[in-house]
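A look at the structure
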Number of protein chains: 2
Amino acid sequence: MNQYKYFLSEKEMPTHWYNILADMKSPPPPYRHPATMDIMTPDDLAPVFPAACIAQEASAERWIEIPEPVQDVLRMWRPSPLVRAHRWEQALDTPARIYYKWEGVSPAGSHKPNTAIAQAYYAKQEGLEGFATETGAGQWGSALSLAGTLFDLTIKVFMVAISYQQKPYRRVMMETWGGEVVPSPSSETHAGRAILEQDPESPGSLGIAISEALEYAMTHDGYKYSLGSVVNFVLLHQTVIGLEALKQLEMAGDYPDIIIGCAGGGSNAAGIIYPFMKDRLTGDKPDLRAIFVESTACPSMTRGAYAYDWGDTAKTGPVAKMHTVGHGFIPAPVHAGGLRYHGIAPTISALLDSGDAEARAYHQIEVLDAAHTFSATEGIIVAPETAHAVKAVYDEALRCKESGEAKVILFNASGHGHFDLAAYEAYHRQVLEDYHLEEEKLKAALETLPTVSG
Amino acid sequence: MNQYKYFLSEKEMPTHWYNILADMKSPPPPYRHPATMDIMTPDDLAPVFPAACIAQEASAERWIEIPEPVQDVLRMWRPSPLVRAHRWEQALDTPARIYYKWEGVSPAGSHKPNTAIAQAYYAKQEGLEGFATETGAGQWGSALSLAGTLFDLTIKVFMVAISYQQKPYRRVMMETWGGEVVPSPSSETHAGRAILEQDPESPGSLGIAISEALEYAMTHDGYKYSLGSVVNFVLLHQTVIGLEALKQLEMAGDYPDIIIGCAGGGSNAAGIIYPFMKDRLTGDKPDLRAIFVESTACPSMTRGAYAYDWGDTAKTGPVAKMHTVGHGFIPAPVHAGGLRYHGIAPTISALLDSGDAEARAYHQIEVLDAAHTFSATEGIIVAPETAHAVKAVYDEALRCKESGEAKVILFNASGHGHFDLAAYEAYHRQVLEDYHLEEEKLKAALETLPTVSG
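Residues numbered from 1 in each chain as written. Chains lettered and ligands numbered in written order. Predicted model: local features only at pLDDT ≥ 70, side-chain atom pairs only at ≥ 80, totals over all residues. Heavy atoms only, no water.

1. Side note on the overall build of chain A
Scanning chain A from terminus to terminus reveals 18 helices and 15 strands. By principal-axis analysis of the C-alpha atoms, chain A measures approximately 60 × 50 × 45 Å. Restricting to contacts in chain A with at least 6 residues of sequence separation, those with at least 24 account for 77%. Working note: accessible area of chain A is about 15200 Å², and carbon and sulfur atoms make up 49% of it. Both charge centroids of chain A, one from 36 positive and one from 56 negative side chains, sit 5 Å from each other. (Helix = DSSP H or I, 4+ residues; strand = E, 2+ residues; numbered from the N terminus. Contact = heavy atoms within 4.5 Å. Areas by Shrake-Rupley, 256 points an atom, 1.4 Å probe, with all protein chains shown as cover. Lys, Arg positive; Asp, Glu negative; His and termini not counted. Charge placed at Lys NZ, Arg CZ, Asp CG, Glu CD.)

Written as structure tokens, this is what we have:
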């Protein structure tokens with residue numbers, strides 16, 4: 001009898017997050033001030049994020065307790081299943097054993113609520129009225145709106161205008177959970193108005209929406225800003241994924257040789273990888289391979305610079321050292337909206353730099369080819385972002401077929417594609433496009449990076 | 001600590017379906033031939049359904065084994081979670097203990113694959129090439145397309161034209177699993193062409209689509225017809241839901257006082273109710289209440305006749321004794337497409353007739369009011385069909401609040417609403433309409449019922 005799913009009981013859900021900073025030999029340098037480039041202190045960050053999150057951002061503690069009220073909400077859908085992809089393995093005729101962590105079971109349909117719930121809890125504890133945030137395709141905005149209804153916070157979402165128009169149902173989902181959604185650029189902020197003056201039809205971008213949300217939070221009493229990826233405390237909150245997977249693989253009697261996740265800002269991939277990366281960093285598993293997969297349309301890890309850059313277009317947010325294609329870079333309109341961010345988490349950047357992790361980029365057609373083999377055998381139709389991870393697993397599984405090695409591959413199935421079927425339709429109709437990113441465009445974007453000394 | 005979810009291991013998944021015919025004192029009378037009104041024999045049904053399904057249709061066996069290959073596929077997402085709705089209970093301030101079985105975890109997003117997988121297995125065993133079927137909003141067509149890709153069968157789906165236009169993503173989902181989807185009425189069948197001649201812009205109906213699928217199956221070698229509800233073998237396949245719930249409630253130390261499901265043809269409600277109804281029919285639980293919930297727009301149980309009627313508009317399918325609003329009845333365009341079928345399962349009809357079950361009808365606005373309280377506390381955005389069950393639970397929970405009774409209420413959360421957010425959008429914008437069904441219209445539809453003697 002095939003066993004497909006490995007479930008932990010709610011009592012076995014992790015009670016602490018794993019903080020990779022505790023085990024990194026070369027942790028990322030501190031953030032810099034967006035205007036002065038001076039090192040930012042926790043006080044500088046205080047107007048932006050909840051105090052508890054700021055404390056977590058630079059914490060050296062290896063294990064950070066998950067507050068009981070946060071655990072209580074997470075238990076509504078967690079622990080999430082770990083699934084053995086027997087049918088896909090068979091279809092690929094590979095000796096590899098493939099496992100995926102299925103995060104699509106959350107009400108919002110992705111891993112994003114893992115941090116949204118925690119952030120909302122801290123905000124409520126701090127007496128805040130609400131959060132301002134940005135969202136691209138809507139995954140993050142949905143997750144934070146869900147957290148908002150559960151912790152009674154107002155959630156103001158600046159949604160990239162083109163997605164606002166093209167993905168009305170993600171907006172309705174946010175509104176069903178009480179989120180207040182406006183298309184970005186909007187007339188509600190200086191940053192938005194400045195863009196609209198130049199181009200009243202601007203399709204918007206994640207960088208612009210971040211600038212708007214930051215400004216809104218700073219200029220409204222009782223509001224702070226919520227971010228769904230990139231920073232360390234967000235990645236920290238996502239480690240429940242990998243901590244669960246670790247126990248579930250134990251149940252299955254396996255340990256991964258390769259762990260794979262798609263990476264826009266990097267939070268879902270870090271969430272599954274970091275608890276295992278601990279074993280590599282501490283020397284227990286020196287051969288463990290971790291692969292972060294991005295889109296060729298926004299290749300921060302594979303073609304970007306490892307340098308200081310602003311996190312947002314208007315240059316009002318913290319400056320971080322990270323792999324980046326430049327804060328002004330506007331990626332081609334690939335369907336994987338979540339992979340269109342110009343940077344990647346500083347901790348992931350540092351792990352790539354130290355050789356502890358690998359990066360890989362794919363075009364969207366090959367990615368949906370692989371996702372199609374997955375849905376045909378495993379049933380699940382994944383989000384286009386997740387499909388990038390699926391493609392990397394597909395390639396590794398075929399490599400195992402060639403070499404005859406029965407490697408154990410673990411990946412994060414970070415979300416379902418129920419709101420992304422336009423991508424699958426374009427794929428079926430063979431009108432999906434691949435985009436070639438020209439060296440000139442990338443070079444121009446990289447010329448705008450700030451100069452940071454010290 | 002709140003425990004939310006009760007999970008069974010894959011080994012605890014039911015190995016047999018429960019056949020309620022074995023325990024009914026007054027089982028439904030046999031089907032009649034659509035033209036002659038003579039009693040139909042299994043041989044008469046042979047061109048329509050797989051032989052194994054026909055054998056199940058009239059079986060008197062209480063327990064029917066689930067073939068191992070069917071169990072193996074079901075294990076990809078089953079057993080599904082039973083969830084205690086702690087937060088909703090708290091918001092409703094009710095002493096009732098509310099549990100829901102969450103069927104939205106299947107790849108197609110509803111309970112429908114439970115029977116689609118079984119039917120596809122039997123079809124493959126029989127050497128068939130494929131199935132023809134109909135679908136309204138697309139839940140059933142998706143489920144059968146999923147089953148088709150897993151068992152290598154061609155699935156031809158006649159999709160009600162108005163849904164084909166309004167719900168393109170359900171169509172893309174079917175196509176992603178290899179389904180061949182055409183809008184109904186189509187030019188591919190006599191039945192479709194006849195309608196198109198009268199009205200080239202016909203929005204279609206479930207009755208018409210059934211006629212087309214039946215005709216297609218009968219006129220194409222290697223094809224049979226697959227039905228997603230109403231008939232006994234379909235309800236039988238859905239009893240895995242209730243059988244699992246029975247064991248899961250045991251884990252929670254509870255037994256339901258009231259069980260609730262929404263009912264179009266009735267399969268999801270019967271699936272959760274029948275394994276408990278067994279206890280009522282055999283005298284163990286004489287006070288158990290079972291409530292089937294329908295739409296006021298198509299009130300077969302609450303305002304229809306209990307009489308023989310055709311299952312399809314073109315009068316080519318079997319005639320069954322059931323609660324019906326008439327095979328020619330065209331319901332108002334409520335968002336709950338799955339509740340727009342003119343009849344209800346013969347076994348449910350017989351249980352209503354013997355007083356062993358209750359029926360109730362709701363308008364769509366009150367239903368979404370209730371669903372909104374559910375999504376705000378439990379996170380899950382349910383399908384508009386499921387929202388009808390949610391509304392009945394809501395009412396019973398408030399009744400418990402008034403009486404102070406701590407009743408145990410179990411309901412089937414049959415599917416998610418990710419493809420139905422247009423209904424929620426209309427609700428938020430306050431443009432959702434309720435429809436009043438006039439007595440005259442109903443009376444006219446009921447005048448078309450056949451005369452059956454003997």
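2. Let's talk about the pairing of strand S6 (residues 130–135) of chain A
Residues and elements named next belong to chain A. The buried fraction of S6 amounts to 6 of the 6 residues, a majority that puts the element mostly inside the structure. Judged by which residues are buried, S6 turns out to be covered on both faces: Gly 130, Ala 132 and Glu 134 on one side and Phe 131, Thr 133 and Thr 135 on the other are all buried. Summarising the sheet, S6 and strand S7 (residues 154–160) pair through 6 bridges and their orientation is parallel. Its bridge partner lying in S7, Thr 133 is registered against Val 157. As for the winding sense of the linkage, the β-α-β connection from S6 through helix H6 (residues 139–151) to S7 is right-handed. Pairing of S6 with strand S9 (residues 223–225), which is carried by 3 bridges, proceeds in the parallel orientation. Note on S9: the bridge partner recorded for Gly 130 is Tyr 223. (Buried < 20%, exposed > 50% of the residue type's maximum accessible area, 1.4 Å probe, protein only. Pairing = 2+ DSSP bridges. Right-handed = clockwise from strand over helix to strand, strands pointing away.)

3. Details of the domain arrangement of chain A
All names here are of chain A. Segmentation of chain A into domains returns domain 1 (5–14 + 76–109 + 238–421) and domain 2 (16–66 + 111–232). Look at where the C-alpha atoms of domain 1 and domain 2 centre, and you get two points 22 Å apart. Facing 47 residues of domain 1, the contacting portion of domain 2 comprises 48 residues. Interface area, domain 1 with domain 2, both sides summed: about 4100 Å², of which 67% is carbon and sulfur. Its largest share of buried area at the contact with domain 2, domain 1 owes to Ala 108, Gln 238 and Phe 419, together 15% of the area lost on that side. Put simply, Lys 167 and Asp 420 hold a salt bridge, and the shortest N to O gap is 2.7 Å. The tally of links between domain 1 and domain 2 comes to 17 residue pairs in polar contact (both at pLDDT 80 or more). (Domains from an automatic or database assignment. Buried area = accessible area lost by both parts, 1.4 Å probe. Salt bridge = Lys/Arg side-chain N within 4 Å of Asp/Glu carboxyl O. Polar contact = N/O pair within 3.5 Å; in protein donor to acceptor, adjacent residues only side chain to side chain.)

4. Concerning the sheet that holds strand S1 (residues 5–6) of chain B
All names here are of chain B. A sheet is described by the order of its strands in space; here 7 strands give the open sequence S1-S4-S5-S15-S10-S11-S14, paired in mixed fashion. For this open sheet the edge positions go to S1 and strand S14 (358–362), each flanked by a neighbour on one side alone. By the bridge criterion, 6 bridges tie strand S5 (residues 97–102) to strand S15 (residues 408–413) in an arrangement that is parallel. Looking across to S15, one finds that Tyr 100 is bridged to Phe 411. Packed onto the sheet, helix H11 (residues 232–252) meets S1, strand S4 (82–84), S5 and S15 and runs at close to 140° relative to S5. Sheet strands in contact with helix H12 (residues 267–281) are S5, strand S10 (258–262), strand S11 (289–295) and S15, and its direction is about 160° off that of S10. (Axes fitted to C-alpha atoms, helices over the stretch in contact; angles between N-to-C directions.)

5. A closer look at the sheet that holds strand S7 (residues 154–160) of chain B
Residues and elements named next belong to chain B. The strand order across the open sheet formed by 4 strands is S8-S7-S6-S9, and the pairing between neighbours is parallel. This sheet does not close on itself; its edge strands, each paired only once, are strand S8 (180–184) and strand S9 (223–225). Across the sheet, the axes of successive neighbouring strands diverge by a mean angle of 25°, strand direction being ignored. Sheet contacts for helix H8 (residues 168–176): strand S6 (130–135), S7 and S8; angle to S7, the most-contacted strand, approximately 170°. Most of the contacts of helix H10 (residues 206–219) go to S6, to which it runs at about 170°, and overall it touches S6, S7, S8 and S9.

6. What to know about the relation of the copies chain A and chain B
Note on the copies: chain A fits chain B at an RMSD of 0.0 Å, the axial shift is 0.0 Å, and the rotation between them is 180°. Here the symmetry operator amounts to a two-fold rotation axis. Same-surface contact between copies: 100% of interface residues of chain A are shared with the interface of chain B. (Least-squares fit on C-alpha atoms with pLDDT ≥ 70 in both.)

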